[in-house]
Amino acid sequence: MFAHAGHPFHPLPAWPMHSADPASSPEADQADLRAHVSRLRELRPGLHLHSEDGCDLRDQTAQAEIGAGLRLVVLLEGRIDVSYGLTRVALSHAGAGASAALVSVAERERFERRARSGVYSRRVSLGLTPAWLAQAGGGDGAAWPDLQRFMHEHLATRRWQLSPRAAVIAEQIVHPPGLAPLLQHMYLESHALELLGEALATVGEGEAAAPGASAAGLLPREHQRLRELQAFLASGQADALSMDAIARQAGVNASTLQRQFRSVYGTTVFEFLRECRLQRARQALERDGITVGQAALLAGYTSAANFATAYRRRFGLAPKLARARV
């Protein structure tokens, strides 16, 4: 169990760190873990804050299992690349201002963060459990049905450009004034609540025109269709199908499917399919000890070198190192 400033921190168990640097050591991984833990704070039971301003020192991938709740990621500058299950949230600051993503984690799921040596980020992350939301008044489905629907759509994602005021608030969280511990805790909590106010306000936007529509502007039956399609894609049955064939499987045309899929999962159909295939290749390397060439074919690559490049970019280490752990 993590701890910060005397408060237990529950949402993440110890993070397995997999470095892409062959010279990496368990001691270096543990030092990275301790540095990460030092920036975690439990503001209230069920409301957790993490902030960071700096460069990653080496290539590595950190993983953890997280519980149900909402996850808010705010990027002020730089780049960040994380995944919740098969939903990837890659944010970058390209002159467009601060950006944010809100992800609904409706069940226990794997979280993964990919770090690259020398990549800078200034960011804030907030985690909210269902219990905290219920205590704050968000558990009343009659009072806030949009939020309830969003919370029950596993890995549904909302992305937006942060307002100037919210960006200032996030900057103040990253670099708070030097206050006494109690006052600083209250300062951070109040600022976190303001950030959450903007994030939760995005959940119901643009839905009034479609009675019964959900947080992504889709009807419940459309969300059900997308969930069924997501399971179909993850099963491997669609690996060799064209976009038109996948759309026929879903019962819609290709352009509608792409638009709806991106609105809910924050990625394209083929990006999701590529992620599924890479995940299956990774599991086969680590669990079954297949060769890198076999893993490349499993992931849809005819070139083992191209597969190795894609694998390292995605998971932070070479596939031969994953196989070496078997």
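On a predicted model such as this, the values are computed, not experimentally measured, just so you know.

Caption draft 1: View of the packing of aromatic side chains. Counted according to the given criterion, the structure contains four aromatic pairs. A connected cluster of aromatic rings, assembled from ring pairs, spans Y301, F307 and Y311.

Caption draft 2: Layout of the confidence of the model for the chain. Looking at the chain, pLDDT values average 80 and 80% of them are 70 or higher. Counting contacts from residues 1–22, a segment whose pLDDT is below 50, to residues more than four positions away or on other chains yields 77 contacts. Here residues 206–215 is a poorly scored stretch, pLDDT under 50, and it has 21 contacts once near neighbours within four places are set aside; other chains count.

Caption draft 3: Structural context of the environment of E153. Mapped onto the elements, E153 comes out in the loop between α3 (145–152) and β12 (157–161). Owing to a relative accessible area of 13%, E153 belongs among the buried residues under this scheme. In the structure, E153 is positioned 112 residues away from Y265 in sequence and 9.9 Å away in space, judged by C-alpha atoms. Beyond its immediate chain neighbours, meaning those up to four positions away, E153 contacts S104, H223 and R227.

Caption draft 4: Geometry of the nonpolar core. Counting 35 residues, the largest nonpolar core has L70, L72, V74, L102 and L195 as its most contacted members. Elements that contribute at least two residues to this core include exactly β5 (47–55), β7 (69–84), β9 (99–105), β11 (120–128), α2 (130–135), α3, α4 (164–174) and α5 (181–201). Of the residues forming this core, the biggest block, seven residues, is contributed by α5. When sequence neighbours within four positions are dropped, the list of residues in contact with L72 reads A100, A101, L102, V124, S125, L126, W160, L195, L196 and A199. If you look at the next biggest cluster of nonpolar residues, it comprises 20 residues, including L233, V252, F261 and Y265.

Caption draft 5: The pattern of salt bridges, seen in detail. Under the criterion given, the structure shown has 18 salt bridges. One salt bridge in this structure joins R122 and E77, with 2.8 Å as the shortest N-O distance. In this pair, R122 is assigned in strand β11 and E77 in strand β7, connecting sequence segments 45 residues apart. Judged by its relative accessible area of 35%, E77 falls in the partly exposed class. Between D81 and R88 there is a salt bridge, and its shortest N-O distance comes to 2.5 Å. Residues participating in the shared-partner salt-bridge network are D81, R88, E112, R114, R282 and E286.

Caption draft 6: Region of the structure containing helix α8 (residues 254–265). For α8, with twelve residues, the first-to-last C-alpha span of 16 Å sits near the 16 Å given by 1.5 Å per residue. Packed against the buried residues of α8 are β8 (87–92), β12, α6 (220–235), α7 (243–250) and α9 (269–288).

Caption draft 7: Fine view of the side chain of D56. Relative to the helices and strands, D56 resides in the loop between β5 and β6 (60–66). Here R113 takes part through its side chain, which lies 2.9 Å from a polar atom of the side chain of D56.

Caption draft 8: Quick look at the packing of α6 against α8. Running from N to C, α6 and α8 point in directions that differ by 90°, and their axes come no closer than 11 Å. Classed by the angle they form, the pair α6 and α8 counts as roughly perpendicular. Residues E222, H223, R225, L226, R227, L229, Q230 and L233 of α6 form the contact with α8, whose participating residues are L257, Q260, F261, V264 and Y265. Taken together, the residues of the contact of α6 with α8 break down into seven nonpolar, three polar and three charged.

Caption draft 9: Local environment of the pairing of strand β4 (residues 40–44). Buried residues dominate β4, accounting for four of its five residues. Note that β4 and β5 share four bridges and pair antiparallel. Paired with L40 across the bridge in β5 is H50. Following β4, the chain reverses through two residues before pairing antiparallel with β5; G46 in that reversal takes a positive phi of roughly 95°.

Caption draft 10: Geometry of the side chain of R71. Looking at the secondary structure, you find R71 in strand β7. Buried and without a salt bridge, R71 has E65 as its closest oppositely charged side chain, separated by 10 Å. Engagement of the side chain of R71 in a polar contact is seen with the backbone oxygen of G67, the distance being 3.3 Å. In contact with R71, other than residues within four places in its own chain, are I66, Y84, A101, L102, V103, V105, L126, G127 and L128.

About the criteria used
- Residues numbered from 1 in each chain as written.
- Predicted model: local features only at pLDDT ≥ 70, side-chain atom pairs only at ≥ 80, totals over all residues.
- Heavy atoms only, no water.
- Phe/Tyr/Trp six-rings, centres within 6.5 Å; stacked < 30°, edge-to-face > 60°.
- pLDDT = per-residue confidence, 0-100.
- Contact = heavy atoms within 4.5 Å.
- Helix = DSSP H or I, 4+ residues; strand = E, 2+ residues; numbered from the N terminus.
- Buried < 20%, exposed > 50% of the residue type's maximum accessible area, 1.4 Å probe, protein only.
- Core = buried A, V, L, I, M, F, W, Y, C linked by side-chain atoms within 4.5 Å.
- Salt bridge = Lys/Arg side-chain N within 4 Å of Asp/Glu carboxyl O.
- Expected span 1.5 Å × (residues − 1).
- Polar contact = N/O pair within 3.5 Å; in protein donor to acceptor, adjacent residues only side chain to side chain.
- Axes fitted to C-alpha atoms, helices over the stretch in contact; angles between N-to-C directions.
- Parallel < 35°, antiparallel > 145°, perpendicular 65-115°, else oblique.
- Nonpolar A, V, L, I, M, F, W, Y, C, P; charged D, E, K, R; others polar.
- Pairing = 2+ DSSP bridges.
- Lys, Arg positive; Asp, Glu negative; His and termini not counted.

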